[in-house]
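Secondary and tertiary structure notes
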Amino acid sequence: MLNHIVWVVFDSARYDSFEAARTPAIDRIGASQRRYSYASWTAPSHHAFLMGLPPHSNEPGVLSSEAHRRDLSLWQTRIGGPRDMALTFADFAPTLSLPSFLKKLGYRTEAYVSMPVLNPRTLIAHHFDVFELMPVHNDLRAIIGRLSFDGTPRFIFINTGETHYPYALPGEDGGDLPHIPGVHGVWRGLDDFLKGAQASAGDGATASFDVERLRPLWQKQVRCIEHLDGAIGELINVAPPDTWFMVTSDHGELFGEGGYFGHGPVIHEKVFEVFFVEGPSPRSGSRTSCENELEATVLGRLKRLGYL
Ligand SMILES: [Zn+2]
C-alpha cells in the first residue's frame, strides 16, 4: 500500500517565526529543520516544490546534481511501498512534475491553494486531478473540511496564507491587526504606513523600514503559525494513519532587515531561510501513542531550550 501524502505550505512563514511559535501538533510529525527555498517568491518557489524539490539544506561541498538526486530519492520513503523502487531523476522525466509522477503510481492528485498567483489557469496547475483556488486566502480549516480519503492514495498539496501579509486569521478585521506606533491598527493604515515609508524615501533612496517598528508584524506572524498548528492537529486526525506529512514555507519575509519589507525581488538570507518538517502521521501504527507523546514532549522542550 502506498502512503497518502499531504504537503502543507504556510505562505511567507519565516524560519525564526516558526521557531518562536508553540507548535505541539507539528512537533508530533517531526523535528523542524532549517532549510532554504529555491526562490524568494511564491510562484517560482512552488514550481520547484511541484518538481518534487522541497526547500534544500544548502550543504557546502555537495554537487547540486547529487543534492537533487538525494532529495528526489526521498520520495521513496514518503510514498512507502516496495523498497526495491530506487527512485532517480529519470522517474520524473520528461515532465519533471511531481503530480504527474505520482499519478503514474496510481495517486489521485489534489491541490487547494490560497494565493492568486497559483490559480488553476496558471502553469503550476498542470498535471493535477483537482486544483482549486480557495475563496479566501487565509483559512486552512476550510481546506481541511473539503478533504476526503478512500482506498485510492492521495497526494494533497495545500498552500495557505494566514502567515502572508497582512498576517490575518479567518474573520479578523482591522481592529485585530498589530498596533504599530504612528499607525492606526487598521488595514488601510497599515498599507499607508508601508507605502509611506517607500514614498518618503524619494527618488533612488532606500525606504526606511525599521526592524523594531515592524516587530509587531513579525509577532503577529508567530501567532498565525500557532493558529495554523491547531489546524494541523485537526488535519492529523482527518487524514488516515498511513499518511506522510510535509509542512514548510515557500519563502521567508523581511520585517525591516536590510531596509526591506516583504518578499519577492529581494536577495536577503531571511527571505530564503524556511522551516521544514516531515514524517509519518503520529497516528501511524509504527509507533505507539505513548511514544508519540514522549517524542512530542522531548522535541517541544528541546526547541524551547534552543537545541532545535
Ligand atoms: Zn509565497
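This text goes with the structure placed above it.
The rules we used
- Residues numbered from 1 in each chain as written.
- Predicted model: local features only at pLDDT ≥ 70, side-chain atom pairs only at ≥ 80, totals over all residues.
- Pairing = 2+ DSSP bridges.
- Helix = DSSP H or I, 4+ residues; strand = E, 2+ residues; numbered from the N terminus.
- Axes fitted to C-alpha atoms, helices over the stretch in contact; angles between N-to-C directions.
- Contact = placed C-beta atoms within 7 Å.
- Core = buried A, V, L, I, M, F, W, Y, C linked by C-beta atoms within 7 Å.
- Buried ≥ 20, exposed ≤ 12 C-beta atoms within 10 Å, placed from the backbone.

A separate point is the sheet that holds strand S1 (residues 4-10). Spatially, S2-S9-S6-S1-S5-S3-S4 is the arrangement adopted by the 7 strands of the open sheet, whose pairing is mixed. Strands with a single pairing partner mark the edges of an open sheet, and in this sheet they are strand S2 (33-36) and strand S4 (130-133). The average undirected angle you get between the axes of adjacent strands in this sheet is 15 degrees. The sheet contact formed by strand S3 (residues 108-113) and strand S5 (residues 154-160) spans 5 bridges and is parallel. Across the sheet, Arg108 pairs through a bridge with Arg154, a residue of S5. Helix-sheet contacts for helix H9 (residues 211-238) involve S1, S5 and strand S6 (243-248), and the interaxial angle to S1 is about 170 degrees.

As a further point, take the nonpolar core. In this structure, Val6, Val8, Ile158, Ile225, Leu228, Ile232 and Val247 are the most contacted members of the largest nonpolar core, which totals 64 residues. Among the elements that line this core, the one with the most residues is H9, at 9 residues. When sequence neighbours within four positions are dropped, the list of residues in contact with Val8 reads Ile158, Thr160, Ile232 and Val247.

Here we take up the pairing of S6. Most of S6 sits out of view: 5 of its 6 residues are buried. In the sheet, S1 pairs with S6 via 6 bridges, with the strands oriented parallel. Directly across from Trp7, in S6, lies its bridge partner Met246.

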